[in-house]
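Observations on the three-dimensional arrangement
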Amino acid sequence: MSEETIFTKIIKGEIPSKQVYHDDLVTAFEDINPKAKHHILIVTNKPIPTVSDVEQEDEQLMGHLFIVARKIAEQLGVAKSGYRLIVNCGKDGCQEVPHIHMHFLAGGNLGLGGFPENK
Ligand code: 5GP
């Protein structure tokens, strides 16, 4: 059996986090090292390691990440002003935690591409 990821422990409440959303499929909480005024991680409750491990049966779950991103944007009042969604995959994608998650970044102009330089 594979080891639990730090995100599984956060989802189970074994490690504290500032949770902003939770349902049967995903959990969202503030990133511990924010790269923008708002930096939320939207994490699948199912511990899929990377996008390369996504199966056909995960199609609805993957779509749900975007539905929750839209809800969080509305919660934060940035649906109209805009935000950025990032999914890192594997070593060259600089994915640190092997548990699929979408970065939600918002709060001011984020500049072009990737993570903003300063929060
Ligand atoms: P990745 O590089 O895998 O796409 O992003 C992982 C993210 O998880 C990083 O932005 C990092 O700051 C965040 N992170 C790592 N450990 C923790 C933690 O224990 N709690 C929270 N809230 N975020 C974490």
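Preceding this section is the structure that the text describes.
Quick look at the structure, then. It should be emphasised that the depicted structure is a prediction, and the values quoted were computed from it without experimental measurement.

What to know about the pattern of salt bridges
Applying the stated criterion to the full structure yields six salt bridges. Lys 46 serves as the salt-bridge partner of Glu 57, at 3.1 Å between the closest nitrogen and oxygen. With Glu 57 in the loop between strand 3 (38–44) and helix 2 (59–76) and Lys 46 in the loop between strand 3 and helix 2, this pair connects stretches of sequence that are eleven residues apart. Residue Lys 46 is classed as partly exposed on the basis of its relative accessible area of 35%. The salt bridge partner of Glu 74 is Arg 70, with a shortest N-O separation of 3.5 Å. Of the two residues, Glu 74 and Arg 70 both sit in helix 2, four residues apart, roughly one turn of that helix.

Comments concerning the site of the ligand
Around the ligand, 16 residues are found, and the nearest of them are Asp 31, Glu 96, Val 97, His 101 and His 103. Relative to its unbound accessible surface of 520 Å², the ligand loses 88% to contact with the protein. More than half of the atoms belonging to the ligand lie within 2 Å of the grid points that define the largest pocket. Every element with two or more residues in the shell around the ligand is listed here: helix 1 (6–11), strand 2 (26–30) and strand 5 (101–106).

Parameters at a glance
- Residues numbered from 1 in each chain as written.
- Predicted model: local features only at pLDDT ≥ 70, side-chain atom pairs only at ≥ 80, totals over all residues.
- Heavy atoms only, no water.
- Salt bridge = Lys/Arg side-chain N within 4 Å of Asp/Glu carboxyl O.
- Helix = DSSP H or I, 4+ residues; strand = E, 2+ residues; numbered from the N terminus.
- Buried < 20%, exposed > 50% of the residue type's maximum accessible area, 1.4 Å probe, protein only.
- Near = heavy atom within 4 Å.
- Areas by Shrake-Rupley, 256 points an atom, 1.4 Å probe, with all protein chains shown as cover.
- 1 Å grid on protein atoms, 1.4 Å probe; cavity = no way out; pocket = protein on both sides within 12 Å on 5 of 7 lines; lining within 4 Å.
- Sits in = over half its atoms within 2 Å of the grid points.

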